[in-house]
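Architecture and fold: a report
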Amino acid sequence: MKGLNVAGFDLKLTGGTVHLPGGPVVADIGVRDGRIAEIGATGDAGETLDCTGLDILPGVIDTQVHFREPGLEHKEDLATGSRAAVMGGVTAVFEMPNTKPNTDSEAAIADKLSRAKGRMWCDHAFYVGATSANADALVELEKLPGTCGVKIFMGASTGDLLVSEDSELARVLASGHRRVAIHAEDEDRMNSRAGERREGDPSSHPVWRDDESAMLATRRILKLAREAKRRIHVLHVTTPAELELLSQHKDIATCEVTPQHLTLAAEEAYPAVGTYAQMNPPIRSAAHREGLWYWLNQGVPDVIGSDHAPHTREEKAKPYPQSPSGMPGVQTLLPLLLDHVANGRMTLERLIDLTSAGAQRIFGIVRKGRIVTGYDADFTVVDLKRRWTIEESWLASRAGWSPFTGRELTGMPVGTIIRGRRVMWQGDLADRAEGEPMRFEATAFG
């Protein structure tokens, strides 16, 4: 009981290897009032978690998820999507605005925050979708509590948010100050190449939405951002050429890659799972995948986000191109990356930077992203040696499927601690959802 805590800790994590900013140490962590109170803690606590043999990482932050609520709850909702997040070791998410209606107004943001209260399992923030109609209002909308910034779709994807013309993009970039997230595919080029789609053949998806569709949009938005003196964040980069270009603009541009594009290759994925591998931008060739790894090891990507974008089996079973683009991913983000660590493709330190510290650094999240005294007690506890297979029974998303089902992995999330509360432990979920909106340096006083 709290009243009997000799050291005043509500929770203590003992015996684990703790990954601090300065490197890993074996130490006990004391938590009080939802924050890290002491590293190297001694004394009793109301609750103790034995983490012997486990690694304690800063809470994983997934900076790109689509939880589909409101309007598309048959695919996913805030409760089921966030449940999948915490089952996969994710402590916080940035949720996307292409819902029905779009999240493009103060009322829509307030509605999402209201829906999230008491239903979302992890901490959260919501993007405001940019449109031609709300461009001038974005300078105020981006300041709303619970928002992580503005999202621009340069190319059409799920939903009807689209800002494709340079003049309208310039208006959006001129309205506000926070970093703007970009879906960079060129709408005009994709429209001109629609004939490249082959009926019933999802392997033609990357032929239609080709490298130049992505590269052209990225070149355009970099030019516009520099003219507007506005920082941008390019999402789900799929081509090595884009990462090379972005490496020359790190003063204004950060970028993201996804576990899907680091793991899947067109030559294998489309024959094996068909439309279940269809997403925007597409899964490309093995050569593209290796190029992404090259630039990741050059340090260019700043974060890894899942781009969790679920659809029902019935929708995905439609013949291409009637099938929708997108796949679940928030629950498999960390397991896939841990397996890449086990196989020597990245270090655990690089994983931590890409999934927690990087997000905190580029978006200015308050008190998250590192294990530091005074920060929120957000921890992702992992078993680096656990060998297991992804099975559908483990998946918590409403979609109920994954392109990675049946994949054998090494490394598993076994605990999700959010603000000192055990939300998931060894596969068991807490009894209630208590996720809260995240705070940001840009809006901390407004």
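As the structure is a prediction and not an experimental result, all values here were calculated from the model.

So, about the pairing of strand E16 (residues 379-389). Bridge count for strand E7 (residues 55-58) against E16 is 4 bridges, and the pairing is antiparallel. By the bridge assignment, proline 58 is partnered in E16 with phenylalanine 379.

A separate point is the sheet that holds strand E2 (residues 17-20). One open sheet holds the 7 strands; their spatial order is E3-E2-E7-E16-E17-E18-E19, and the pairing between them is mixed. Two strands bound the open sheet, and with one partner strand each, they are strand E3 (23-26) and strand E19 (428-429). Across the face of the sheet, helix H14 (residues 348-363) comes into contact with E2, E3, E7 and E16 while running at roughly 35° to E7.

Let's shift gears to the side chain of threonine 218. Mapped onto the secondary structure, threonine 218 falls in helix H7 (residues 211-228). With a relative accessible area of 0%, threonine 218 lands in the buried category. Once you skip the residues sitting within four places of it in the chain, threonine 218 turns out to touch Ala184, Val234, Glu242, Leu245 and Leu246.

To continue, consider the packing of aromatic side chains. A complete count under the given rule lists 6 aromatic pairs for this structure. When the ring of phenylalanine 94 is compared with that of tyrosine 127, the centres are 6.0 Å apart and the planes differ by 75°; the resulting orientation is edge-to-face. Note that phenylalanine 94 is positioned in strand E9 (residues 90-95) and tyrosine 127 in strand E10 (residues 123-129), a separation of 33 residues in sequence. Across this residue pair, the class does not change: phenylalanine 94 and tyrosine 127 are buried. Arranged with centres 4.7 Å apart and planes meeting at 75°, the rings of tyrosine 276 and tryptophan 401 form a pair that is edge-to-face.

Turning our attention to helix H10 (residues 266-273). Looking only at H10, the buried set comprises Ala266, Ala269 and Tyr270. Here the buried residues of H10 occupy an arc of 90° about the axis, which is enough to place them on one side. Those residues of H10 that are exposed and angled more than 90 degrees off the buried face are Pro271 and Ala272. Where H10 is buried, its residues touch helix H6 (205-208). Just downstream of H10, glycine 274 is the residue with a positive phi angle, here 60°.

Here the structure, examined in full by the defined rule, presents 41 salt bridges. We note a salt bridge from lysine 250 to aspartate 302, for which the minimum N-O separation is 2.7 Å. Of the two residues, lysine 250 is situated in the loop between helix H8 (240-246) and strand E14 (253-257) and aspartate 302 in the loop between helix H11 (286-297) and strand E15 (303-304); the sequence distance between them amounts to 52 residues. For lysine 250, a relative accessible area of 33% translates into the label partly exposed. The closest approach of N and O atoms between glutamate 290 and arginine 289, which form a salt bridge, is 3.4 Å. Judged by relative accessible area, which is 35%, glutamate 290 ranks as partly exposed. Under the relative-accessibility criterion, arginine 289 is labelled buried at 15%. Connected through salt bridges with shared partners, the residues Glu69, Glu73, Asp77, Asp111, Arg115, Arg119 and Arg398 form a single ionic network.

Examined against the element boundaries, arginine 422 turns out to sit in strand E18 (residues 421-425). By relative accessible area, which is 37% here, arginine 422 ends up partly exposed. Between the alpha carbons of arginine 422 and alanine 110 there is a distance of 27 Å; along the sequence they are 312 residues apart. Among the polar contacts listed, one links the side chain of arginine 422 to the side chain of glutamate 47, at a separation of 3.3 Å.

Put simply, side chains in a regular strand alternate between the two faces of the sheet. One ladder, built from 4 bridges, connects strand E4 (residues 29-32) with strand E5 (residues 35-39); its direction is antiparallel. Within the sheet, the bridge partner assigned to arginine 32 lies in E5 and is arginine 35. In textbook terms, the turn of a hairpin is the stretch between consecutive antiparallel strands, and for E4 and E5 this stretch comprises 2 residues, one of which, aspartate 33, has a positive phi near 55°.

Between helix H13 (residues 333-342) and H14, whose axes approach to 9 Å, the crossing angle comes to 155°. With respect to each other, H13 and H14 are oriented roughly antiparallel. Between H13 and H14 lies a crossing of right-handed hand. Every residue of H14 that contacts H13 at Leu333, Leu334, Leu337, Leu338 and Val341 is listed here: Leu348, Leu351 and Thr355.

Strands sit in the order E5-E4-E1-E6 across an open sheet of 4 strands; the sheet is mixed. Single-partner strands in this sheet number two, and they are E5 and strand E6 (45-50). The mean inter-strand angle of the sheet, taken between neighbouring strand axes irrespective of direction, is 25°.

For the bond running from asparagine 280 to proline 281, omega is -10°, close enough to zero to count as cis. Here proline 281 is to be found in the loop between H10 and H11. In this model, tyrosine 320 is joined to proline 321 through a cis peptide bond whose omega is 5°. In this structure, proline 321 sits in the loop between helix H12 (313-316) and H13.

Quick notes on the rules
- Residues numbered from 1 in each chain as written.
- Predicted model: local features only at pLDDT ≥ 70, side-chain atom pairs only at ≥ 80, totals over all residues.
- Heavy atoms only, no water.
- Pairing = 2+ DSSP bridges.
- Helix = DSSP H or I, 4+ residues; strand = E, 2+ residues; numbered from the N terminus.
- Contact = heavy atoms within 4.5 Å.
- Axes fitted to C-alpha atoms, helices over the stretch in contact; angles between N-to-C directions.
- Buried < 20%, exposed > 50% of the residue type's maximum accessible area, 1.4 Å probe, protein only.
- Phe/Tyr/Trp six-rings, centres within 6.5 Å; stacked < 30°, edge-to-face > 60°.
- Arc of directions from axis to C-beta.
- Salt bridge = Lys/Arg side-chain N within 4 Å of Asp/Glu carboxyl O.
- Polar contact = N/O pair within 3.5 Å; in protein donor to acceptor, adjacent residues only side chain to side chain.
- Parallel < 35°, antiparallel > 145°, perpendicular 65-115°, else oblique.
- Left-handed = near helix turned anticlockwise from the far one by under 90°.

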